[in-house]
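Chain residues, written in single-letter form:
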Amino acid sequence: MEVPVFSDNVAQQLKEFARRCMNDVSLLHDPKLSFIKELIEHYGGKVPEAKANGSSDTKTESESKPAQPAQSESEPETEESEESDLDLDMTGVIEPDQDTPQKMGNSTLQPTEEEIAESQAKRSEAVSAFVEKDYEKAIHLYTEAIVLNPQAALLYAKRSQVFLILKKPNACIRDCDRALELNPDSAAAHKFRGRAYHLLGKFEEAANDLRLACKLDFDEQADEWLRETTPNARKIEEHKRKRERKAQEKLERERQERLRKAREAAKAREENTRTSQTDAGNTPPGAGEFYQFLKDPEVRQAFEDPEVADAFKDISAHPMNILKYQNNPKIMALINKMASKFGGAGGMPGGMNFPGGMPGFPGAGAGFNPPNPSPHDDVGLD
């Protein structure tokens, strides 16, 4: 029995089908394809059980897509590696707190005079607890004061200070954010939030807050914290400037490359247009050789004679008018030279296409011997 020979097309289809079967084994359990399963098992192979619907597709997609996320994550990894190259002083940086957010009070509530008075009493008790370093009690009392008067920015700033002492920077930042919503010029809120940012390793944000705090109301502790966080903040700022500069340089290189390609494309289009115009018939056959002929010094000198130039213009327009110049030695000498160069045949370049060939030009090098015209033949005579 001869081995069947498949065409390239059939072989490619079989290859594609085999790949699909490897990706989706359920195809081999189709009754119509049972002979393929029998063939595999005949040679000792084993066809796996069919998986649940959609499982093979999910696997195929998951196997085919990892390359793309890996590529998109390459830039962040580069940025992280650049950040890790920074020599930052991480002294004092702590793990962020994950406590349940504290009570903020009803921001739409407008307290009564009695509530404001009671809130101030709670605040006084909180201050006493703070002085006694009973920080949990202080937080509880400040929270009661905030619930009574949620419009007092100072209460949030004071409670944020307690959270800061307890090493709860996130809780401190939440209170400072609310305080600054109520009073953007709260120096205490900027001061405590700046220190909380420092504890979280957010040195740029810390420096910005602490600078503003010192500007609004200079404080020695805020200034000390600012001097502590400034070196790291400057390193990060400089690193970002370098990265932005590199990004701008990359964009500029890409822009220049696009301009270069655009110029090359425009030049190519111009050359193609010029070539197509030439191919369309703007330059007759043999023109290149004819132009070289015109560079001959004797020919150039002959055409500088107005009489010769006018004669050839006349002959180009009306080939039979050549008979008018048969007794002009200057013109006939040039015609004989052209006949010698181009063989005397019709279809000479430059538009001098004579019907039936140039008269009297039997071949290359032949002299011009015009026929005697018939007495009744006045064709071409002016």
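I will try to describe carefully the structure that is included in this document. (Residues numbered from 1 in each chain as written. Predicted model: local features only at pLDDT ≥ 70, side-chain atom pairs only at ≥ 80, totals over all residues. Heavy atoms only, no water.)

## Observations regarding the overall build of the protein chain
Looking only at helices and strands, one finds 16 helices and zero strands in the protein chain. Looking at the 382 residues of the protein chain, the share that counts as buried comes to 29%. For the protein chain, the proportion of contacts with a sequence separation of at least 24, taken over those separated by at least 6, is 58%. Surface accessibility of the protein chain: about 25400 Å² in total, with carbon and sulfur atoms responsible for 51%. (Helix = DSSP H or I, 4+ residues; strand = E, 2+ residues; numbered from the N terminus. Buried < 20%, exposed > 50% of the residue type's maximum accessible area, 1.4 Å probe, protein only. Contact = heavy atoms within 4.5 Å. Areas by Shrake-Rupley, 256 points an atom, 1.4 Å probe, with all protein chains shown as cover.)

## Examining helix 15 (residues 306-317)
Every α-helical turn comprises 3.6 residues, leaving residues that sit three or four positions apart pointing alike. Between the first and last C-alpha of helix 15 there are 17 Å, a value that for twelve residues agrees with the 16 Å anticipated at 1.5 Å per step. Every buried residue of helix 15 is accounted for by Val308, Ala311, Phe312, Asp314 and Ile315. Mapping the buried residues of helix 15 onto a view down its axis gives an arc of 160 degrees, with all of them on the same face. The exposed residues of helix 15 that point more than 90 degrees off its buried face are Pro306, Asp310, Lys313 and Ala317. Two or three places before glutamate 307, at the start of helix 15, stands the capping residue aspartate 305, its side-chain oxygen 2.9 Å from that residue's backbone nitrogen. (Expected span 1.5 Å × (residues − 1). Arc of directions from axis to C-beta. Polar contact = N/O pair within 3.5 Å; in protein donor to acceptor, adjacent residues only side chain to side chain.)

## A look at the pattern of salt bridges
A complete count under the given rule lists 17 salt bridges for this structure. A salt bridge links glutamate 204 to lysine 240; the nearest nitrogen and oxygen atoms lie 2.6 Å apart. Note that glutamate 204 is positioned in helix 11 (residues 203-216) and lysine 240 in helix 12 (residues 220-282), a separation of 36 residues in sequence. Residue lysine 240 is classed as partly exposed on the basis of its relative accessible area of 30%. The partner of arginine 255 in a salt bridge is glutamate 252, and the shortest N-O contact between them spans 2.8 Å. A residue pair is termed a helical-turn pair when its members lie 3 or 4 positions apart in one helix, as arginine 255 and glutamate 252 do in helix 12 at three residues. (Salt bridge = Lys/Arg side-chain N within 4 Å of Asp/Glu carboxyl O.)

## Examining the nonpolar core
If you look at soluble globular proteins, the nonpolar side chains tend to sit buried side by side. Counting 38 residues, the largest nonpolar core has Leu155, Val162, Leu164, Cys172 and Phe192 as the members making the most contacts within it. Setting aside residues no more than four positions away along its own chain, leucine 155 makes contact with Ser119, Arg123, Tyr142, Ala145, Ile146 and Asn149. In this structure, Ile322, Leu323, Leu334 and Ile335 belong to the second largest nonpolar core, which totals 13 residues. (Core = buried A, V, L, I, M, F, W, Y, C linked by side-chain atoms within 4.5 Å.)

## Overview of the packing of aromatic side chains
The tally for this structure, following the rule as stated, stands at two aromatic pairs. Between phenylalanine 130 and tyrosine 135, the aromatic rings sit 5.7 Å apart at their centres with planes inclined by 65 degrees, giving edge-to-face as the arrangement. For tyrosine 135, a relative accessible area of 18% corresponds to the buried category. (Phe/Tyr/Trp six-rings, centres within 6.5 Å; stacked < 30°, edge-to-face > 60°.)

## Some details on the packing of helix 6 (residues 113-131) against helix 8 (residues 153-165)
Packing of helix 6 against helix 8 leaves a shortest axis separation of 12 Å and a crossing angle of 20 degrees. Considering the angle they form, helix 6 stands roughly parallel to helix 8. Of the two elements, helix 6 crosses helix 8, and the hand of that crossing is left-handed. Seen from helix 6, the contacting residues are Ser119, Arg123 and Phe130; seen from helix 8, they are Leu154, Leu155, Gln161, Val162 and Ile165. (Axes fitted to C-alpha atoms, helices over the stretch in contact; angles between N-to-C directions. Parallel < 35°, antiparallel > 145°, perpendicular 65-115°, else oblique. Left-handed = near helix turned anticlockwise from the far one by under 90°.)

## What to know about the packing of helix 8 against helix 10 (residues 187-199)
Where helix 8 contacts helix 10, the axes come no closer than 9 Å and their chain directions differ by 25 degrees. Looking at the two axes, helix 8 sits roughly parallel to helix 10. When the axes of helix 8 and helix 10 are compared, the crossing they make is left-handed. Contacts between helix 8 and helix 10 involve Ala157, Ser160, Gln161 and Leu164 from the first element and Ala188, Ala189, Phe192, Arg195, Ala196 and Leu199 from the second. Its residues assigned to classes, the contact of helix 8 with helix 10 comprises seven nonpolar, two polar and one charged. (Nonpolar A, V, L, I, M, F, W, Y, C, P; charged D, E, K, R; others polar.)

## Brief notes about the side chain of serine 160
For serine 160, the position within the fold is in helix 8. Using a relative accessible area of 0% as the deciding quantity, one classes serine 160 as buried. Excluding residues within four positions of it along the chain, serine 160 makes contact with Cys172, Asp175, Cys176 and Phe192.

## Focus on unusual backbone geometry
Phi is positive for lysine 133, close to 60 degrees, though the residue is something other than glycine. Locating lysine 133 in the fold gives a position in the loop between helix 6 and helix 7 (135-148). One non-glycine residue, lysine 167, lies in the positive phi region at around 60 degrees. Its place among the elements puts lysine 167 in the loop between helix 8 and helix 9 (169-182).

## Some details on the state of the cysteines
In total, this model carries zero disulfides according to the counting rule given. Of all cysteine sulfurs in the structure, the one in cysteine 176 sits closest to cysteine 172, which takes part in no disulfide; the separation is 4.1 Å. (Disulfide = S-S within 2.5 Å.)

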